[in-house]
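# Summary of the model geometry
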Amino acid sequence: MTHSEPNRRASLLLIYTGGTIGMKQDPASQTLKPFDFSQILEEVPELRKFAYRIDSYTFNPLIDSSDVEPSLWQCLAKLIKEKYDQYDGFVILHGTDTMAYSASTLSFMLENLAKPVIFTGSQLPIGIPRTDGRENLVSAVEIAAAKDTNGDAVVPEVCIYFDNMLMRGNRASKVSSDNFTAFKSMNFPPLAEAGINIKYNTPLIIRPADRNAGLTVHTELDTRVSILKIHPGITPHVVKNILCGEETRAVILETYGCGNAPGKEWFINLVKQAADSGKILLNVTQCLSGTVNMNLYSTGKTLLDAGVISGYDSTTESALGKLFFLLGRTNDNLIVKDMLVKNFRGEISK
Ligand code: ASP
């Protein structure tokens, strides 16, 4: 663990997409409304104490993150590319509901990232006395500005900062709808923990592969992906519709335990039919932690033999973003199958 010195002259771009954090009570109607984000320094005067240059960019329209679409990720990626040389780091304020999806997909879209991109939000609006938004925002800003003694960003990754924890974005999931600890990274340790000091877990932080190459932004996303959550009582009709849908290039199977699914003949036949037709079938566990290992039980081995690919310890959110990104790069499903098992941004432990 290392500590960093706050970077006094940092310049940061705060990007507000919507969500609870940027709301305050409208005195007239007594309802929560988004506030004018260009006034963020008036709302959170603590930010002035850093003496950073903090600019803000507000999306129009602001959205509840339940309405997030890949087009928002494309806009975010393009915005970061456009502003990349002007800022030391980026803080993205986003609703919590789909934050893990957005952070996951952005992590794949931004290749060779050398600057922090920190997502944060809050469970209570910033204009409410007990808000968690102030601490989340202030610490996310400090992390986005932190530089090491060489002048490099301490955390040049896409992350989620929430309730004292900095998590790799593609490892985090929303785990609570009403607790301040709204996110957890179950299969990977935090990249930093904020207490009296912010302690960075430096050996775990990924640095850009090629410092001179600059940022590459991949905006092509192919969303022809479905998710099939296995459950007792699942019917052939439902499985067939999801696995064999004509428009579907890939299906994420959310399986039991270490990657197990029913061994019934009709189920395995449908899996084989989908795999034989060229569809990509990716196995992730519905357990909150742990990894897929299809060699352990015969029900898992049958899936492996049918052509199902291991998602290892990936979250579903990350598996979805990775598929959108890889399918967007090629029309050849065989190439995608090969690439899926590779670790691109620290999203799987292999
Ligand atoms: N529904 C809100 C959203 O995701 C909740 C939040 O901001 O935390 O935009």
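This text follows the structure it describes.
Rules and cut-offs
- The residue count restarts for each chain, going from 1 along the sequence in the order it is written.
- Residue-level local features of this predicted model are given only where pLDDT is at least 70; pairs of side-chain atoms are given and counted only at 80 or more, and the full residue set underlies all totals for whole chains, interfaces and linings.
- Only hydrogens and water are set aside when side-chain values are computed; all heavy atoms of the structure are taken into account.
- Any residue with a heavy atom positioned within 4 Å of a molecule or strand is treated as near that molecule or strand.
- Any pair of N or O atoms that falls within 3.5 Å is considered a polar contact. Within protein, one atom must be able to donate a hydrogen and the other to accept it, and sequence-neighbouring residues count only if both atoms are side-chain atoms.
- To be clear on the numbers: accessible area is Shrake-Rupley with a 1.4 Å probe, and residue cover counts the displayed protein chains and nothing else.
- Under the convention adopted here, Pro, Cys and the residues Ala, Val, Leu, Ile, Met, Phe, Trp and Tyr are nonpolar, Asp, Glu, Lys and Arg are charged, and Gly plus all remaining residues are polar.
- Helix and strand assignments follow DSSP, with helices taken as H or I runs no shorter than four residues and strands as E runs no shorter than two, numbered in order from the N terminus.
- A 1.4 Å probe rolled over the protein chains alone gives each residue an accessible area, and that area as a share of the maximum for its type sets the label: buried under 20%, exposed over 50%, partly exposed in between.
- The contact criterion used is simple: two residues touch if any of their non-hydrogen atoms lie within 4.5 Å.
- By this definition, two strands are paired if DSSP reports at least two bridges between them.
- When the strands point away from the viewer, a crossover counts as right-handed if the route from the first strand across the helix to the second turns clockwise.
- What makes a nonpolar core is a set of buried Ala, Val, Leu, Ile, Met, Phe, Trp, Tyr and Cys residues whose side-chain atoms join them at distances within 4.5 Å.
- By construction, the arc corresponds to the directions joining the helix axis to the C-beta atoms.
- Working definition: rings of Phe, Tyr and Trp (its six-membered ring) pair if their centres are within 6.5 Å, and the pair is stacked with planes under 30 degrees apart, edge-to-face with planes over 60 apart, and tilted otherwise.
- Two limits define a charge over a ring: the Lys NZ or Arg CZ must be within 6 Å of the ring centre, and within 35 degrees of the ring normal.

## Overview of the site of the ligand
If you check the shell around the ligand, you find Gly19, Thr20, Asp64, Ser65, Gly95, Thr96, Asp97 and Ser122 and nothing else. Here a nitrogen atom of the ligand and a side-chain polar atom of Asp97 are 2.8 Å apart. A distance of 3.4 Å separates an oxygen atom of the ligand from a polar atom in the backbone of Ser122. Considering the ligand on its own, with 260 Å² of exposed area, one finds that the protein chains cover 87% of that surface. By residue class, the composition of the shell around the ligand is no nonpolar, 6 polar and 2 charged.

## Looking at the side chain of Asn333
With respect to the helices and strands, the residue Asn333 is situated in helix H9 (residues 333-340). Classification of Asn333 as buried rests on a relative accessible area of 15%. Side chain to side chain, Asn333 and Arg249 meet in a polar contact 2.7 Å long. A polar atom in the side chain of Asn333 sits 3.0 Å from the backbone oxygen of Gly278. Discounting chain neighbours no more than four positions away, the residues touching Asn333 are Arg249, Gly278, Lys279, Ile280 and Leu327.

## With respect to the sheet that holds strand S17 (residues 250-255)
Read from one edge to the other, the open sheet built from 4 strands follows the order S16-S17-S18-S19, with strand pairing classed as parallel. Looking at the sheet topology across the chains shown, the edges are occupied by strand S16 (225-229) and strand S19 (309-310). Bridge analysis of strand S18 (residues 280-285) against S19 gives 2 bridges, and the strand direction is parallel. Pairing of Asn283 across the sheet is with Ser310, part of S19.

## So, the pairing of S16
As judged from the 5 bridges shared by S16 and S17, these two strands associate in the parallel manner. In the sheet register, Leu228 faces S17, and the bridge partner there is Leu253. For the handedness criterion, the β-α-β arrangement of S16, helix H5 (residues 236-243) and S17 is classed as right-handed.

## Some remarks on the nonpolar core
Counting 52 residues, the largest nonpolar core has Ile80, Leu110, Phe119 and Ile160 as the members making the most contacts within it. With 7 residues, helix H8 (residues 316-329) is the single largest residue contributor to this core. Those residues in contact with Phe119, other than ones at most four positions away along the chain, are Leu76, Ile92, His94, Met99, Ser102, Ala103, Leu106, Val158, Cys159, Ile160 and Tyr161. In terms of nonpolar packing, the next biggest core, distinct from the first, is built from 37 residues, Leu14, Tyr16, Ile21 and Ile205 among them.

## Focus on H9
Regarding H9, the residues found buried are Asn333, Val336, Met339 and Leu340. Along H9, the residues classed as buried sweep out an arc of 120 degrees about the axis, all on the same side. What points out from H9, more than 90 degrees from its buried face, is the exposed set Leu334 and Asp338. On the buried face of H9, the contacting elements are S18, S19 and H8. The N-cap of H9, judged by a side-chain oxygen 2.9 Å from the amide nitrogen of Leu334 a few residues on, is Asp332.

## Brief notes about the packing of aromatic side chains
Applying the stated rule across the entire model yields 8 aromatic pairs. Both rings, one in Trp73 and one in Phe324, keep their centres 6.3 Å apart while their planes meet at 35 degrees; by these two values the pair is tilted. Note that Trp73 is positioned in helix H2 (residues 70-83) and Phe324 in helix H8, a separation of 251 residues in sequence. Note on accessibility: Trp73 and Phe324 belong to one class, buried. The rings of Phe108, Phe325 and Phe344 are connected pair by pair, giving a single aromatic cluster. Its end group placed over the ring of Tyr84, Lys115 keeps NZ or CZ at 4.8 Å from the ring centre.

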